[in-house]
Amino acid sequence: MPDAISASPTIEWRSSVSHASSLVRALRSIALYVPDLVKAEQFYTEVWHLQVVSRVDNAIYLAGAGQDHHLLSLHQRDGETGIRHVTLRACDLKALDEVARRAVSAGGRVVSDLAPCEEPGGGTAVVVADRDGRRFQLVCGDERVDGRPSDPDQPIRLAHVVLNCQDVEDTQSFLEMALDFSLSDRTRIMAFMRCNSDHHSIALGDTDNNALNHIAFLMPDLDAVMRGGGRMRDAGYEIAWGPGRHGPGNNAFNYFIGPFGEVIEYTAEVEQIDDSYHVGGPSDWTWPPGRIDQWGISAIPAATLKQAQRSVFFSTHP
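Residues numbered from 1 in each chain as written. Predicted model: local features only at pLDDT ≥ 70, side-chain atom pairs only at ≥ 80, totals over all residues. Heavy atoms only, no water.

Peer 1: Even after reading the chapter, I still don't get the pattern of salt bridges, so can you show me in this structure?
Peer 2: Side chains carrying opposite charge are able to pair once their charged atoms draw close together. Taken as a whole and assessed by the stated rule, the structure comprises 17 salt bridges. With a closest N to O distance of 2.9 Å, E98 and R102 form a salt bridge. On the criterion of helical spacing, the pair formed by E98 and R102 is a turn pair, its members being 4 residues apart in helix α2 (residues 93-105). E98 sits in the partly exposed class, given a relative accessible area of 22%. Of the charged contacts, one joins D198 and R157 as a salt bridge, the two residues approaching to 3.0 Å between their closest N and O atoms. Of the two residues, D198 sits in the loop between β11 (190-194) and β12 (202-206) while R157 sits in strand β9 (residues 157-165), which places them 41 residues apart along the sequence. Several salt bridges share partner residues, and in doing so they unite R28, D68, R89, E119, D142 and R144 into one network. (Salt bridge = Lys/Arg side-chain N within 4 Å of Asp/Glu carboxyl O. Helix = DSSP H or I, 4+ residues; strand = E, 2+ residues; numbered from the N terminus. Buried < 20%, exposed > 50% of the residue type's maximum accessible area, 1.4 Å probe, protein only.)

Peer 1: I would appreciate a short explanation of unusual backbone geometry in the present structure.
Peer 2: One can expect most non-glycine residues to show negative phi and most peptide bonds to be in trans. The omega angle of the peptide bond from G242 to P243 is -5°, so this bond is cis rather than trans. Note that P243 resides in strand β14 (residues 241-245). Positive phi outside glycine occurs at N58, with the angle close to 60°. Here N58 shows up in the loop between β2 (51-56) and β3 (59-63). Residues other than glycine seldom take positive phi values, yet D180 does so here, at roughly 60°. You can see D180 is positioned in the loop between α3 (168-179) and β10 (182-186). Under the relative-accessibility criterion, D180 is labelled partly exposed at 21%.

Peer 1: How do you make sense of the side chain of R148 when you look at a structure like this?
Peer 2: By the secondary structure assignment, R148 is in the loop between β8 (135-140) and β9. Buried charge R148 goes without a salt bridge, the closest partner of opposite sign being E143 at 6.4 Å. A distance of 2.8 Å separates the side chain of R148 from the backbone oxygen of G66, its partner in a polar contact. At 3.1 Å, the side chain of R148 forms a polar contact with the backbone oxygen of H69. (Lys, Arg positive; Asp, Glu negative; His and termini not counted. Polar contact = N/O pair within 3.5 Å; in protein donor to acceptor, adjacent residues only side chain to side chain.)

And the structure:
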């Protein structure tokens, strides 16, 4: 990944893990605070190619081509860009109670008790936070959509969210204990966590801060990732890193800095894994000198990208 960090302490790698969480089916959406909702809507619809599906006071909800009611919500708030919460789809109602119980046992807390979800998409939800304040909303029974028009240049769903961590081992433990995530791979600077067959739905950056590293949007194919790069460049947003293909996850990528300093990624071809997948350690993921991805054609990420990956944090209040 872009942020070069010193090696982490030795970790005992598990040789066999289940690829599916018993509590979480998938990553659904992310909610961000932004200082200019009009500008945000213009960018995320006209350039990033999402569609507004709901509006409420001071917030919009945007969908892709997939079945999720929305994959991104943007909430007006003066000041700096921030993360409201990351939303995961729970397996069932019982899982919501279990997550609330486990979150406390894992050193976190319950932010909002089990209750009907009042935001568009509905369902029942609980919100928990780890000890560093990362907020995870678990929702069950939310609206799913069939039959959205097919658009070859529209994101389908979220692929993953990457969160920086001052203590990766502690955050990894919370995801394992509270949400029943499993480790897929550990590189020198990243722990890749899965809840289903996607190689990772959440990854943890081994850094000196707890900021948002980036949000990845799954595109239909590699061509859509590349056309997205051209579309962003036409709109004045240069590719901040890419094109390339990662090692862990095997996904193709183009990274950009969004209009409010948030780092966003177009990606495709995320590796699908099962119980037979070998959990790799840092020695399994090294590149020859001068390379930072499988293809070896991408330049080293610019300093502006690395700085942006340290600028957006979870908010402790609305």
